[in-house]
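For reference, the chains in residue letters:
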Amino acid sequence: MASPVRVLHMNDCAFVGQNIVEAAGRAGLNWRILPPESTWARLRPGETTTRRSARLHAASRRFTAVARSQVVHVHFATTARLLHPRWMPQRPYVLHLHGTDIRSLWVAKSSHARIQTAIDRAAHVYYSTLDNAENALAARPDAEYMPVFVDPAGLPRWEPGRDGRYVVFTSRWEEVKGLEDMLRMARQLRAALPGTHELVGLDWGPGSAAAAEAGVRLVPAMPHAEFLRLLAGADLAIGQARPILSVSEIEAMAIGVPLAAAGPHLPGPDGNDPPILTGSIEQTAEQVVAGVADPAATAAALGGREWALTEHTADRQVPRLRGLYERLAAR
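Residues numbered from 1 in each chain as written. Predicted model: local features only at pLDDT ≥ 70, side-chain atom pairs only at ≥ 80, totals over all residues. Heavy atoms only, no water.

Q: Whenever I open this one, the overall build of the chain confuses me. Can you help?
A: A count of helical and extended segments in the chain gives 14 helices and eleven strands. Taking the principal axes of the C-alpha coordinates as reference, the chain spans close to 65 × 45 × 35 Å. Among the 331 residues that make up the chain, the fraction classed as buried is 52%. Distance between charge centres in the chain, computed from 36 positive and 33 negative side chains, equals 13 Å. (Helix = DSSP H or I, 4+ residues; strand = E, 2+ residues; numbered from the N terminus. Buried < 20%, exposed > 50% of the residue type's maximum accessible area, 1.4 Å probe, protein only. Lys, Arg positive; Asp, Glu negative; His and termini not counted. Charge placed at Lys NZ, Arg CZ, Asp CG, Glu CD.)

Q: Could you clarify how one ought to interpret the pairing of strand 7 (residues 166-169) in this entry?
A: Residues in a regular strand point their side chains to alternate faces of the sheet. Burial of the side chains of strand 7 extends over both faces: Y166 and V168 are buried on one face and V167 and F169 on the other. Looking at chain direction, strand 7 and strand 8 (residues 198-202) are connected through three bridges and run parallel. Counted as the bridge partner of V167 is L199 from strand 8. Traced from strand 7 through helix 7 (residues 179-192) to strand 8, the parallel crossover comes out right-handed. As defined by bridge partners, strand 7 adjoins strand 10 (residues 236-238) across three bridges and the pair is classed as parallel. Within the sheet, the bridge partner assigned to F169 lies in strand 10 and is I238. (Pairing = 2+ DSSP bridges. Right-handed = clockwise from strand over helix to strand, strands pointing away.)

Q: Is there a simple way to think about the packing of helix 7 against helix 11 (residues 281-291) in this case?
A: Angle between the axes and distance between the axes: these two values describe a pair of packed helices. Close contact between helix 7 and helix 11 brings their axes to 10 Å; oriented N to C, the two are set at 45 degrees. Accordingly, the angle class assigned to the pair helix 7 and helix 11 is oblique. As helix 7 packs across helix 11, the resulting crossing turns out to be right-handed. Where helix 7 abuts helix 11, its residues D181, R184, M185, Q188, L189 and A192 lie against I281, E282, T284, A285, V288 and V289. Split into classes, the residues belonging to the contact of helix 7 with helix 11 amount to seven nonpolar, two polar and three charged. (Axes fitted to C-alpha atoms, helices over the stretch in contact; angles between N-to-C directions. Parallel < 35°, antiparallel > 145°, perpendicular 65-115°, else oblique. Left-handed = near helix turned anticlockwise from the far one by under 90°. Contact = heavy atoms within 4.5 Å. Nonpolar A, V, L, I, M, F, W, Y, C, P; charged D, E, K, R; others polar.)

Q: Would you explain the pairing of strand 4 (residues 93-97) in this entry?
A: Extensive coverage of strand 4 is indicated by the burial of five of its five residues. Burial along strand 4 is two-sided: Y93, L95 and L97 facing one way and V94 and H96 facing the other are all buried. Where strand 4 lies against strand 5 (residues 124-127), four bridges are found, and the strand directions are parallel. Looking at strand 5, one finds that H96 is bridged to Y126.

Q: What am I meant to see in the pattern of salt bridges here?
A: Note on pairing: side chains with opposite charge can pair once their charged atoms come close. For the coordinates displayed, the defined rule picks out 15 salt bridges. With its nearest N and O atoms 2.8 Å apart, the salt bridge here joins R162 to D163. For R162, a relative accessible area of 23% puts it in the partly exposed group. For E174, the salt bridge goes to R172, with nearest N and O atoms at 2.5 Å. Given a relative accessible area of 22%, R172 falls into the partly exposed group. Because the salt bridges share partners, they merge into one network encompassing R157, E159, R162 and D163. (Salt bridge = Lys/Arg side-chain N within 4 Å of Asp/Glu carboxyl O.)

Q: What am I meant to see in the side chain of H96 here?
A: Examined against the element boundaries, H96 turns out to sit in strand 4. Among the polar contacts made by the side chain of H96, one reaches the side chain of S128 at a distance of 3.4 Å. (Polar contact = N/O pair within 3.5 Å; in protein donor to acceptor, adjacent residues only side chain to side chain.)

Rendered as structure tokens:
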């Protein structure tokens, strides 16, 4: 039976909101999403600021969507201010902290107050990665961890070697992703991998040029479906050099691609270490070289796909969210 609570997800990050709404639909619940392109004013090509008419249209879309809802689930802390004007229908909101908002903006003096206000006004708070637990719990002691999700229905079939033999870096080239260690990994692999294998990564981030110098063939940033296809053609994927797995790493694992990521890692949602190739940069590079000799056997030994599809899909979170939304709507 469909829940009587009318729920709106406003904005989105890493498709978390979209995945929740689609999982709710599979459970017979009619939750809705106002995606980023509808939440915010649209910027015309060639312009650097939005026009007043675009801002008014966006405000109208938000007003209509919120007015039809009883509970709003807001993605990213800066989005919450859109609910604060007095002319906006007042609804309890759940705030989902996704990373930069609690990792960087909450810490910065220039933005701390407005991020803390968004957190304080929320009826409940979730955070997406365990590396942000300390900040999230300091800002809101009752904040809860909710892992990032992938959508199994939208994943392509793993076809290693389809477009040549390559190892793909999943993350952008930026310090927050462990840039220096990623570059060290690239140099290690370029020296150790057989000549049959390329290193491939996105031309995205301030360290892109350094990645190219390290031997990575850069490809332009692309629509999400094309990026998934890029992952699905790889023999093996290299994750960020950080203690967490972000959506792109989880997507690679859920497709079936074996994942390697150097350094210590925080436990997964099940409390266990994620099933990846890891260790020091040198140890991880050695495992990658061995792994590409038989990618299918490496994937089978790790069991990453089964783990990702068990621990990182939204379906198991729907009952938890439904209970929260119903309590908020009944206040």
